[in-house]
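Reading the structure
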Amino acid sequence: MARTDHDSWDLASSVGATATGVAAGRALAARGPEPLLDDPYAEPLVRAVGLDAFTRMLSEDADEVADDPIFNRQQMAEQVTVRTRFFDDFFLRAGAAGIRQAVILASGLDTRAYRLPWPAGTVVYEIDQPQVIEFKTRTLAELGATPTAERRTVGIDLRADWSTALRERGFDPDQPTAWSAEGLLIYLPPQAQDRLFDDITALSAPGSALATEHVPDLSILADDDRMADFAQRWKRYGMADEWTDLVYQGERAQVPAYLSGAGWQVTARGTVDLYAANGFALPDHEMMTELADLTYISAVLSDPTPGR
Ligand code: SAM
């Protein structure tokens, strides 16, 4: 179903199901004698959501994924590992640099607040849709998981006034903050992406850090043949909606330039580079060569917007 201005979801529907899909990738990566990731909660969370296809992806006898060149289990695991390690390392570096306040935007089924070794005194805020936050909090409590930092949740739409809601939960704009927006931007309308970065900048004390991804060219989404192929593969894994319908297409700001213009010092790393750094090779498939353009961005605020 196409997006609307005030649509919302749980983890089994619309954009929420993409969070379950990513968690299924982490569950695969956390398996086996030599796991790529340490995320003991990913699999029980995916099973608790109960979306048939993602649960089935975790079952060894599901052979429909085995022959897919980009969505087979090993590729899914490697893809999610590259991304997860990038954001894990970002938060670990921020902690080592003395930052004690973190905000995970669009936290989905990410369990960093429960599994990273946060320095003592760190407060981690998680923001996502109310039903997503509520489900994860309840399910992890039922699993006996305990946060490794002080975890504070904000259930709100990121197209709404989330910054006021964050401050009401105790966020301190005078302290440097480590922010992540992982797997989020393409699900926001272009103007909401700009507002998100404006709000982050306005709430960021000097020395704050930000990590996100950037897809330089979303025009591939308008290529009907390729996207039909991609959507078809995605659908096989149980997405009720066409994935392309969930994404806001059309022109949007280039993330590195936008952040630089707001006073952030930006570093970009390409997908191919990060795959290699992790000892992986990007699958040799047309779809992946297009997606290889995705860059991972980290930025530090040295020059906050005047008048903040
Ligand atoms: N960051 C998580 C991860 O990597 O595992 C989840 C990524 S998932 C692809 C996209 C997430 O963005 C979902 O959890 C979804 O609920 C959240 N999201 C997208 N648009 C949002 C909005 N307008 N308000 C709140 N959350 C949103």
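Within each chain, residues carry numbers counting from 1 in the order of the written sequence. Restriction of local features to residues with pLDDT of at least 70 applies here, the model being predicted, together with a cutoff of 80 or more for giving and counting side-chain atom pairs; totals for whole chains, interfaces and linings are based on all residues. Here the side-chain values reflect all heavy atoms present in the structure, with hydrogen atoms and water set aside.

**Observations concerning the overall build of the protein**
- Helix and strand labels come from DSSP, where a helix needs a run of H or I of at least four residues and a strand needs a run of E of at least two; each type is numbered from the N terminus. Along the backbone of the protein there are 13 helices and seven strands.
- A compact globule built from 308 residues would reach a C-alpha radius of gyration of about 19 Å, and the protein, at 18 Å, matches this within 12%.
- If you line up the protein on its principal axes, its C-alpha atoms span 55 × 45 × 40 Å.
- We call two residues in contact when some of their heavy atoms are within 4.5 Å. Long-range contacts, defined here as pairs at least 24 residues apart, represent 76% of the contacts in the protein between residues at least 6 apart.
- What sets the accessible areas is the Shrake-Rupley method with a 1.4 Å probe; for residues, cover comes only from the shown protein chains. Here the protein displays about 13100 Å² of accessible surface, and carbon together with sulfur accounts for 51% of that area. Using C-alpha atoms as the atom set, the radius of gyration is obtained and then compared with a globule rule of 2.2 Å times the number of residues to the power 0.38.

**Things to note about the side chain of R112**
- Note on placement: R112 falls in helix α5 (residues 112–115).
- The buried category is assigned to R112, whose relative accessible area is 1%.
- Not counting residues up to four positions away in its chain, the partners in contact with R112 are T84, F87, D88, F91, I104, W118, T148 and E182. Each residue's exposure class comes from its accessible area (1.4 Å probe, protein chains only) as a fraction of the maximum for that residue type: buried when under 20%, exposed when over 50%, partly exposed otherwise.

**What to know about the site of the ligand**
- Looking at the ligand, there are 21 residues lining it, with W9, R83, A106, D128 and L158 nearest.
- Pairs of N or O atoms within 3.5 Å make up the polar contacts considered here, provided that, within protein, one atom can donate a hydrogen while the other can accept it, and that residues adjacent in sequence are counted only when both atoms are side-chain atoms. In this structure, an oxygen atom belonging to the ligand sits 2.6 Å away from a side-chain N or O atom of D128.
- Among the elements that take part in the shell around the ligand, helix α1 (residues 14–29) stands out by supplying five residues, more than any other.
- Asp, Glu, Lys and Arg are counted as charged, while Ala, Val, Leu, Ile, Met, Phe, Trp, Tyr, Cys and Pro are counted as nonpolar; the rest, among them Gly, fall into the polar class. Each residue belonging to the shell around the ligand can be placed in one class, and the counts come to 10 nonpolar, five polar and six charged. What makes a residue near a molecule or strand is one non-hydrogen atom of that residue sitting within 4 Å of it.

**Here we look at helix α2 (residues 42–49)**
- Turning to α2, its buried residues number three or more, namely A42, L45, V46 and V49. All buried residues of α2 fall inside an arc of 100 degrees around its axis, so they share one side.
- The secondary structure elements touched by the buried residues of α2 are α1, α3 (52–57) and α6 (130–142). This arc corresponds to the set of directions leading from the helix axis out to the C-beta atoms.

**Section: unusual backbone geometry**
- One non-glycine residue with positive phi stands out, namely S14, at about 45 degrees.
- When you line up the elements, S14 lands in helix α1.
- Within the chain, A106 stands out as a residue other than glycine whose phi angle is a positive 60 degrees.
- Position of A106 among the secondary structure elements: in the loop between β1 (101–105) and α5.

**Regarding the nonpolar core**
- One finds F91 and W243 to be the most contacted residues of the largest nonpolar core, which totals 64 residues.
- For this core, the element with the highest residue contribution is helix α4 (residues 73–96), accounting for nine residues.
- In contact with F91, other than residues within four places in its own chain, are A102, V103, I104, R112, L116, W118, A178, W179 and S180.
- Counting residues in hydrophobic clusters, the runner-up holds 31 residues, among them V103, V123, L196 and V255. The nonpolar core is taken to be a set of buried Ala, Val, Leu, Ile, Met, Phe, Trp, Tyr and Cys residues, with the residues joined through side-chain atoms within 4.5 Å.

**Digging into the packing of aromatic side chains**
- Here the aromatic set is Phe, Tyr and Trp, taking the six-membered ring for Trp, and pairing holds for ring centres within 6.5 Å; pairs whose planes are under 30 degrees apart are stacked, those over 60 apart are edge-to-face, and all others are tilted. A full pass over the atoms with the stated rule returns 11 aromatic pairs.
- A ring pair is formed by Y41 and Y114, whose centres lie 6.3 Å apart and whose planes are at 65 degrees; its orientation type is edge-to-face. Of this pair, Y41 sits in the loop between α1 and α2 while Y114 sits in helix α5; the two residues are 73 residues apart in sequence, bridging distant segments of the chain. In terms of burial, Y41 and Y114 fall into one category: buried.
- Through a chain of ring-to-ring contacts, the aromatic side chains of Y125, W162, F171 and W179 assemble into a single cluster.

**Some words on the sheet that holds strand β3 (residues 150–155)**
- Here the rule is simple: two strands pair whenever DSSP picks up at least two bridges between them. The strand order across the open sheet built from seven strands is β3-β2-β1-β4-β5-β7-β6, with neighbouring strands paired in mixed fashion. The outermost strands of the open sheet, each flanked by one partner alone, are β3 and β6 (264–270). Across the sheet, the mean angle from the axis of one strand to that of its neighbour is 15 degrees, orientation sign disregarded.
- Strand direction decides the pairing type here: strand β5 (residues 209–214) and strand β7 (residues 295–301), joined by six bridges, are antiparallel. Each residue of the ladder has a partner; that of A209, found in β7, is V300.
- In the packing of helix α8 (residues 190–202) onto the sheet, contacts are made with β1, β4 (178–181), β5, β6 and β7, and the angle to β5 comes to roughly 165 degrees. Note on geometry: axes are lines fitted to C-alpha atoms, helical ones only across the stretch in contact, with angles between N-to-C directions running from 0 to 180 degrees.

**Quick word on the side chain of E213**
- With respect to the helices, strands and loops of the structure, E213 is situated in strand β5.
- Of note is the side chain of E213, whose polar atom sits 2.8 Å from the backbone nitrogen of G183.
- When sequence neighbours within four positions are dropped, the list of residues in contact with E213 reads R83, F87, A181, E182, G183, L184, L185, V255, L294, T295, Y296 and I297.

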